[in-house]
Structures are given as C-alpha cells and as structure tokens.
Amino acid sequence: MVSYRKELWFSTSNRREFINITSEVESCLRESGIQEGLLLCNAMHITSSVFINDNESGLHQDFDLWLEKLAPEKPYSQYQHNGYEDNADAHLKRTIMGREVVVAITKGKLDFGPWEQIFYGEFDGKREKRVLVKIIGE
Amino acid sequence: MVSYRKELWFSTSNRREFINITSEVESCLRESGIQEGLLLCNAMHITSSVFINDNESGLHQDFDLWLEKLAPEKPYSQYQHNGYEDNADAHLKRTIMGREVVVAITKGKLDFGPWEQIFYGEFDGKREKRVLVKIIGE
Amino acid sequence: MVSYRKELWFSTSNRREFINITSEVESCLRESGIQEGLLLCNAMHITSSVFINDNESGLHQDFDLWLEKLAPEKPYSQYQHNGYEDNADAHLKRTIMGREVVVAITKGKLDFGPWEQIFYGEFDGKREKRVLVKIIGE
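Residues numbered from 1 in each chain as written. Chains lettered and ligands numbered in written order. Predicted model: local features only at pLDDT ≥ 70, side-chain atom pairs only at ≥ 80, totals over all residues. Heavy atoms only, no water.

**Student:** Can you break down the relation of the copies chain C and chain A residue by residue, with the values?
**Tutor:** Least-squares fitting of chain C to chain A yields an RMSD of 0.0 Å, with the transformation described by 0.0 Å of translation along the axis and a rotation of 120°. Such a combination of rotation and displacement between the chain copies is what one expects of a three-fold axis. When the interface residues of chain C are mapped onto chain A, a mere 19% of them again fall at the interface, so the copies present different faces. (Least-squares fit on C-alpha atoms with pLDDT ≥ 70 in both. Contact = heavy atoms within 4.5 Å.)

**Student:** A description of the packing of helix 2 (residues 57-70) of chain C against helix 3 (residues 88-97) of chain C should follow, citing residues and the corresponding values.
**Tutor:** The packing of two helices is summarised by the inter-axis angle and the distance between the axes. All names here are of chain C. Axis separation between helix 2 and helix 3 bottoms out at 10 Å; the angle between their running directions is 120°. If you check the angle between helix 2 and helix 3, you find them oblique. In this structure, helix 2 crosses over helix 3, and the sense of that crossing is right-handed. Of the residues in helix 3, those touching helix 2 at F63, W66, L67, E68 and L70 are D89, K93, I96 and M97. Residue composition of the contact of helix 2 with helix 3, by class: six nonpolar, no polar and three charged. (Axes fitted to C-alpha atoms, helices over the stretch in contact; angles between N-to-C directions. Helix = DSSP H or I, 4+ residues; strand = E, 2+ residues; numbered from the N terminus. Parallel < 35°, antiparallel > 145°, perpendicular 65-115°, else oblique. Left-handed = near helix turned anticlockwise from the far one by under 90°. Nonpolar A, V, L, I, M, F, W, Y, C, P; charged D, E, K, R; others polar.)

**Student:** Got a sec to walk through the interface of chain B and chain C? Specific residues and values, please.
**Tutor:** With 33 residues of chain B at the contact, the number on the chain C side is 28 residues. Carbon and sulfur atoms make up 61% of the surface buried where chain B meets chain C, a total of about 2,500 Å² over both sides. For the chain B face of the interface with chain C, the top three residues by lost area are B:L38, B:D62 and B:W66, together amounting to 22%. Counting the contacts that link chain B with chain C gives three salt bridges. Put simply, C:K134 and B:E36 hold a salt bridge, and the shortest N to O gap is 2.6 Å. Here chain B is connected to chain C by 14 residue pairs in polar contact (both at pLDDT 80 or more). Of all the secondary structure elements, the ones that give two or more residues to the side of chain B that touches chain C are strand 3 (37-43), strand 4 (48-53), helix 2 (57-70), helix 3 (88-97), strand 5 (100-106) and strand 8 (129-137) of chain B. (Buried area = accessible area lost by both parts, 1.4 Å probe. Salt bridge = Lys/Arg side-chain N within 4 Å of Asp/Glu carboxyl O. Polar contact = N/O pair within 3.5 Å; in protein donor to acceptor, adjacent residues only side chain to side chain.)

**Student:** How would you summarise the sheet that holds strand 7 (residues 117-122) of chain B if you had to cite specific residues and measurements?
**Tutor:** Residues and elements named next belong to chain B. Within the open sheet, the three strands sit side by side as 2-7-4. Their pairing is antiparallel. Whereas interior strands pair on both sides, the edge strands pair on one side only; in this sheet they are strand 2 (17-20) and strand 4. Strand after strand, the sheet turns through a mean of 30° between neighbouring axes, direction not considered. Where strand 4 lies against strand 7, six bridges are found, and the strand directions are antiparallel. Bridging across to strand 7, F51 finds its partner in F119. (Pairing = 2+ DSSP bridges.)

Take a look at the structure:
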C-alpha cells in the first residue's frame, strides 16, 4: 500500500466563494503515482467545504442564495456562537455542503461521471485556509 | 491490496425516485472476494444521490416532501441554472442527500447496523444514470 | 494492509445530544497501530450522525435550533413515517448532519486542521446506540 498527502492552500477575496480544484487534485494524483485506490479530499477548517457538483456559474449563484435562505448570515445576534466571532452561518452552510469527498481512483484517474468536478466552498474567507488530499492505494 | 470496480445503471420512470440498491452492492462485494476493507458507493451524476437510511416507504414520502420544501422544483425561473435545463432543484436536493457513502467491509460483509440500507436517490430521472461501486481491501 | 474495527456505544439522557468522541476515536487509532491510511467513523443507526465541526457549546445550541427549524420534531402527524414510531424528524436531521466521516491517518495521528473535532449527533436517544470505527492502512 502506498499513501500520499498534500495540503492545498486558498485565500479568497470574498466571505463566500466556490473554487474549482479538480485540476489541483488531479496533479496530486499524478504526483502520487497511485493507479488503484481511494482519494480523500477534505476541508481542514470547519467553516468551509469540499464537494462535487457541476462547474456552472448559474448553479453556483443558486447555491449561494439557497444557503443564505437555509442559514442566513445576518442578523449575527440570532446565533449563540456569534459574539467574539460572526461566522456561525458558515458552520451551518458547510454542514449542508459537506466536509469531504471520497473519490475512486481507477487506472491512475479520478473515476468520475461526465460532469463531476471538485469544488472548495468557502463560507468565511478572506484568510489562508487549507484542504487536505490523502490518497491510499497502489 | 485488491481493488474492485463496477457501475450500476438505473433508469427511473419518475423525475424523483428512491431505489434500494443494497442487494446489488452486496453482489459486488461477493464478486470482489474482499474480506476486509472499505467500499465506496457514489452517484456518478450530479443530480442524484447515494445515501443510507431506513427501508420504509412512509419515510421515503417524507423525504420527498421535505426536499421539495427545502429546494422546490418550481417555479423553474427562481434558479439561475435553469433555462436550457430545468433541474437546478435536483442539484440542491442531491446536496442535502449526499453524493456517496463509505461502508466498512468486515469478514466479507457490509458492516451495517440493524436498519442500514443503501439507496439510490434520483432527482432528475427518466434517463440512464450510473452509480459507481469501488472496493479496496484484501 | 492492516484493518481494525471497534464499536463505540452511547446512551444519551436526552432525545437530542451532541457528544465529542474525538478522544475515543484517537484511542482506537492508537490501539490499531496504523500509521498511514484512512479511518471511517459512522453511526450504525439511521437516526444519528457522526460529523466534524467545532467544539463550542454555543454552536451546538445553534445546530439544535437550526435542525428544529429545517426538520421540526412536532407535530408528529406531519410525517408519514410516524405512527408506530415518532422519530421521522430524527431521520431528516441525521441526513443534514451526515452519517459518517472519513479521516486521513498520517504518522499515526488523525490528520486534522486546528479546530476539527469528531461528534456523535443523537436525534432519537435515551437508548443504547452504536458508532463504528474502521481503519485500514499500515
């Protein structure tokens, strides 16, 4: 069994942002040399997500509006968690979108359907945050 | 380390449908011969889900109504993603229900609690779509 | 490849409760002796969750209120699943919070960001329920 680990760093200019990280994850996979196995990609922070969906900007706007409806940022006072911090909504949004994805590795590739792409979802940005890529296999 | 891969195909007659795929996944596991490891089962499409819950038809109706409340199909015009397509709600519903499950394999069996069953959740059906089963272990 | 399996048991005094299980999962990892690999931790019941978030009591109250808004417990009659049981809301809440987490194991440790902690989320408690820890690696 071979294992591989890499951190990817992101710093968004907005509080909320979606970044397509598929090609960075593919680079990790190539670097690992692993042909068959499982790849875990997870946010290392609790106010951001890694998820798989469509690379379509209209859909990303829909996600943003929808998450604001399900877990609104303001008023900050509606959340017990806020006070010293103001990011309770980001914890809830990340819960909807998910912390992690596990992807099959087959013949040295991400074993994806036609439209699957990996995104980093930031919900409390404007600072350096990390994603972990861990691959095991052979 | 042994690895195994299979695609399962589904075509539902309704836009939304839940299908119990536990026995198909168990067949994959038997075919793989793997005794100890991890099994990944994921939708290969971004408007459908694989999830684990109860095999109870009342609950499935509850899921359907609840998802329609959280992410209504209509009016189509409420979503930026719609226009050429009309399935933005399916992307959101799949996000709630999840893309994938990872299941422990112990002594050649899905290592499940008493009521755990694996379901394919279709939110934009009436066409051929795929689920991936990948198993690694030995 | 080495594999390890353990069940953790919980019985909450309330219907809903969050329990920090990070140190119990770390004990499993030490016991396994695995240095590099993947750890799966999942609820074995379909009305409870395992998830990763912040160990902050205000946030946990926010989660509880938020889940009650998205999937209210009462009136029981709003759900088809209820009748013999009254826990349909627990199935929905667990869906939002997730069944499982997959964690990278690196140099014999849970490969976590600074605030990541593992929680058991109970939504239909007051009885014995189980969490599975499965680790593969070497």
